[in-house]
Amino acid sequence: RSRGHAAAAAQRCPHASHRVTSYIHRMRLRPANEADDDAIWAILEPNIRAGETWALPRDWSRADALAYWHASSHEVWLVERDEREERDGSAERGHAATSHAPTSQKRDIVGTYFLRAAQLGPGAHIANAGYMVRPDAWGAGVASAMCDHSLVRARERGFTAMQYYFVVASNERAVALWQRKGFAVVGRSPNAFQHPTLGPTDALVMYRSLEVPLVDEAQPDATRGAVTIRPIEPRDLHEVRAELETHWHSHDIWSLGRCHHADALPGFIAETNGAFAGLITLHLDQGNWQCEVITLSSRRAARGTGAALLAAAERYAREHGCRRIYLTTTNDNTNAMRFYQRHGWKFAQLHAGIVDRVRALVPDMPLKGFDGIQIRDEIEFERWLTE
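A few points on the structure. Just so we're clear, the structure is a prediction, and the values are computed from it rather than from any experiment.

Examining the overall build of the protein chain
Working step 1: Counting secondary structure elements, the protein chain contains nine helices and 16 strands.
Working step 2: Relative to its 387 residues, the protein chain shows a buried fraction of 50%.
Working step 3: The contacts of the protein chain with a sequence gap of at least 6 include a subset with a gap of at least 24, amounting to 72%.
Working step 4: Accessible area for the protein chain stands at about 17900 Å²; split by element, carbon and sulfur atoms hold 51% of it.

Written out as structure tokens, the structure is:
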């Protein structure tokens, strides 16, 4: 998606200049090597020193921590994220940029995980993984990406299940994420963890079979299940926020100069066999004459989820008396452009240079997007509901 605006909107979303919003950092995973040890230590150290989520000695040295992370039984992976790097000065975080110096892309390592067999011998068919995210990247979807990758990788290696056998119960955000990924709490060890501020805390055992379809896998038509659409309800707030963070790394989404708090917008949720499958959020312009699609996401490609959500959005717009429904995407998102046109949406307008202008408000916005294309413009698509 493509988002942008000017100073008035920045006041409504005061943190937008240091939150990536819908201009997402691009993440990729790769195996770790010895040259990555400094970056890995920068992730491990603050998590170990905090002592709030891992049962590891808080005074461990760099050598101790790296020896543990690179144990011979561990397959270690990293998450790299594109970052914009200023060559000739940069805007201060939280203030509008005053320089238009050339920029370049660099890869920033923000997360790491290991995959291993949970036990030896007769227990070696069950996988175990451990994940750490650099604190300044918390809430940006890094842990979610690592979990998804580790589940696929574990199945590739022939494991039949994944088990986390020491999840600190007070780490509620992690527990909720693992549950969204299909893990169930199958055991609890009372007071097994000495939390530095909470004192004795329970540890959970969480389990997920790998013999059932993974979240992002395509299934045969006979087993994929029908997509059902329902309006967003107050009880969905946690799931909506998690979906927004996964795809846009923020709840604040910029569009054509306006900042929308997407977690407070109306919209629809798609479900398949009762499981969350997609989200669309909507905004009615003043006077209700037109409706804008603010976000659209689905957890499985080529399953009809996106099309079903768009159809629900059109019905919503008609019911509210709108004559037009529209959306935008950035000039690099060629897959989205093909998708919208296949489903009857027409090109409406090129908003040339709007992304370049919004960089004055969002200095950490990536310069390049899909396929290395520089992100500059927003492309508007529309459907007239009176046709």
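Text resumes after the structure shown.
A short note on helix 4 (residues 142–156)
Working step 1: Spanning 15 residues, helix 4 covers 21 Å between terminal C-alpha atoms, matching the ideal 21 Å at 1.5 Å per step.
Working step 2: Restricting attention to buried positions, one finds in helix 4 the residues Val142, Ser144, Met146, Cys147, Ser150, Leu151 and Ala154.
Working step 3: Within two residues after helix 4, Gly158 carries a phi angle of roughly 95 degrees, on the positive side.

Brief notes about the pairing of strand 7 (residues 199–209)
Working step 1: The element strand 7 is extensively covered by neighbouring structure, given that eight of its eleven residues are classed as buried.
Working step 2: Of the strand pairs in this sheet, strand 5 (residues 161–168) and strand 7 are connected by six bridges, and their pairing is antiparallel. Residue Tyr164 lies in a different strand from strand 7, and its bridge partner there is Met206.
Working step 3: With eight bridges connecting them, strand 6 (residues 184–195) and strand 7 associate as antiparallel partners. The residue bridging His195 from the neighbouring strand is Gly199, located in strand 7.
Working step 4: With antiparallel pairing between neighbouring strands as the criterion, strand 6 and strand 7 make up a hairpin whose turn holds three residues.

Re the sheet that holds strand 15 (residues 346–351)
Working step 1: Sheet architecture is open: seven strands sit in the order 8-11-12-13-14-16-15, paired in mixed fashion. Each end of this open sheet is capped by a strand with a single partner; those strands are strand 8 (227–231) and strand 15. The sheet shows a mean angle of 30 degrees between the axes of neighbouring strands, direction not considered.
Working step 2: Bridge count for strand 15 against strand 16 (residues 378–384) is five bridges, and the pairing is antiparallel. Within the sheet, the bridge partner assigned to Phe347 lies in strand 16 and is Phe381.
Working step 3: Where helix 7 (residues 305–319) meets the sheet, its contacts fall on strand 8, strand 11 (267–272), strand 12 (275–284), strand 13 (290–298), strand 14 (324–330) and strand 16, and the angle it forms with strand 12 comes to roughly 35 degrees.

A look at the nonpolar core
Working step 1: By size, the foremost hydrophobic cluster in this structure holds 28 residues, and its most contacted members are Tyr131, Val142, Met162, Tyr164, Trp178, Phe183 and Met206.
Working step 2: Mapped by element, the contributors of at least two residues to this core are strand 2 (75–86), strand 3 (103–117), strand 4 (126–133), helix 4, strand 5, helix 5 (172–180) and strand 7.
Working step 3: For this core, the element with the highest residue contribution is helix 4, accounting for five residues.
Working step 4: Grouped together as the second largest cluster of nonpolar side chains are 25 residues, Cys291, Leu327, Met337 and Phe339 included.

Considerations on the pattern of salt bridges
Working step 1: Inspection of every chain in the model, using the stated rule, returns 22 salt bridges.
Working step 2: Between Arg153 and Glu75 there is a salt bridge, with its nearest N and O atoms 2.6 Å apart. Of this pair, Arg153 sits in helix 4 while Glu75 sits in strand 2, and the two are 78 residues apart along the sequence.
Working step 3: Residue class for Glu75 comes out buried when judged on its relative accessible area of 18%.
Working step 4: Here Glu382 and Arg324 are joined by a salt bridge, their closest N and O atoms 2.7 Å apart. Of the two residues, Glu382 sits in strand 16 while Arg324 sits in strand 14, which places them 58 residues apart along the sequence. Here the two residues Glu382 and Arg324 agree in accessibility, since each one is buried.
Working step 5: Among the charged side chains, a network of salt bridges with common partners joins Arg230, Glu233, Arg235, Asp236 and Glu271.

Remarks on the packing of helix 2 (residues 37–50) against helix 3 (residues 62–69)
Working step 1: Helix 3 packs onto helix 2 with a crossing angle of 105 degrees between their chain directions and a minimal axis gap of 10 Å. As judged from the angle between their axes, helix 2 and helix 3 are roughly perpendicular. Facing helix 2, whose interface residues are Asp37, Asp38, Ile40, Trp41, Leu44 and Ile48, helix 3 presents Arg62, Ala65, Leu66 and Trp69.
Working step 2: For the contact of helix 2 with helix 3, the per-class residue count stands at seven nonpolar, no polar and three charged.

Side note on the packing of aromatic side chains
Working step 1: Evaluated as defined, the whole model comprises 18 aromatic pairs.
Working step 2: Ring geometry for Trp69 against Phe114: centres 4.8 Å apart, planes inclined by 75 degrees, an arrangement best described as edge-to-face. Linking Trp69 in helix 3 with Phe114 in strand 3, this pair joins segments that are 45 residues apart in sequence.
Working step 3: Note on Trp69: relative accessible area 1%, which makes it buried.
Working step 4: Here the aromatic cluster, defined as three or more aromatic residues joined through ring pairs, consists of Trp54, Trp60, Tyr68, Trp69 and Phe114.

Quick notes on the environment of Val355
Working step 1: Relative to the helices and strands, Val355 resides in helix 9 (residues 354–358).
Working step 2: Placed 24 residues apart in sequence, Val355 and Asn331 show a C-alpha to C-alpha distance of 9.6 Å.

Observations regarding the side chain of Glu314
Working step 1: Topologically, Glu314 is positioned in helix 7.
Working step 2: Given a relative accessible area of 13%, Glu314 falls into the buried group.

Regarding the side chain of Asn331
Working step 1: With respect to the helices and strands, the residue Asn331 is situated in the loop between strand 14 and helix 8 (334–342).
Working step 2: A polar atom in the side chain of Asn331 sits 2.8 Å from the backbone nitrogen of Arg376.
Working step 3: Among the polar contacts listed, one links the side chain of Asn331 to the backbone nitrogen of Asp377, at a separation of 2.9 Å.
Working step 4: Sequence-distant contacts of Asn331, defined by excluding residues within four places in its chain, comprise Met337, Ile373, Gln374, Ile375, Arg376, Asp377 and Ile379.

Criteria and thresholds
Residues numbered from 1 in each chain as written. Predicted model: local features only at pLDDT ≥ 70, side-chain atom pairs only at ≥ 80, totals over all residues. Heavy atoms only, no water. Helix = DSSP H or I, 4+ residues; strand = E, 2+ residues; numbered from the N terminus. Buried < 20%, exposed > 50% of the residue type's maximum accessible area, 1.4 Å probe, protein only. Contact = heavy atoms within 4.5 Å. Areas by Shrake-Rupley, 256 points an atom, 1.4 Å probe, with all protein chains shown as cover. Expected span 1.5 Å × (residues − 1). Pairing = 2+ DSSP bridges. Axes fitted to C-alpha atoms, helices over the stretch in contact; angles between N-to-C directions. Core = buried A, V, L, I, M, F, W, Y, C linked by side-chain atoms within 4.5 Å. Salt bridge = Lys/Arg side-chain N within 4 Å of Asp/Glu carboxyl O. Parallel < 35°, antiparallel > 145°, perpendicular 65-115°, else oblique. Nonpolar A, V, L, I, M, F, W, Y, C, P; charged D, E, K, R; others polar. Phe/Tyr/Trp six-rings, centres within 6.5 Å; stacked < 30°, edge-to-face > 60°. Polar contact = N/O pair within 3.5 Å; in protein donor to acceptor, adjacent residues only side chain to side chain.

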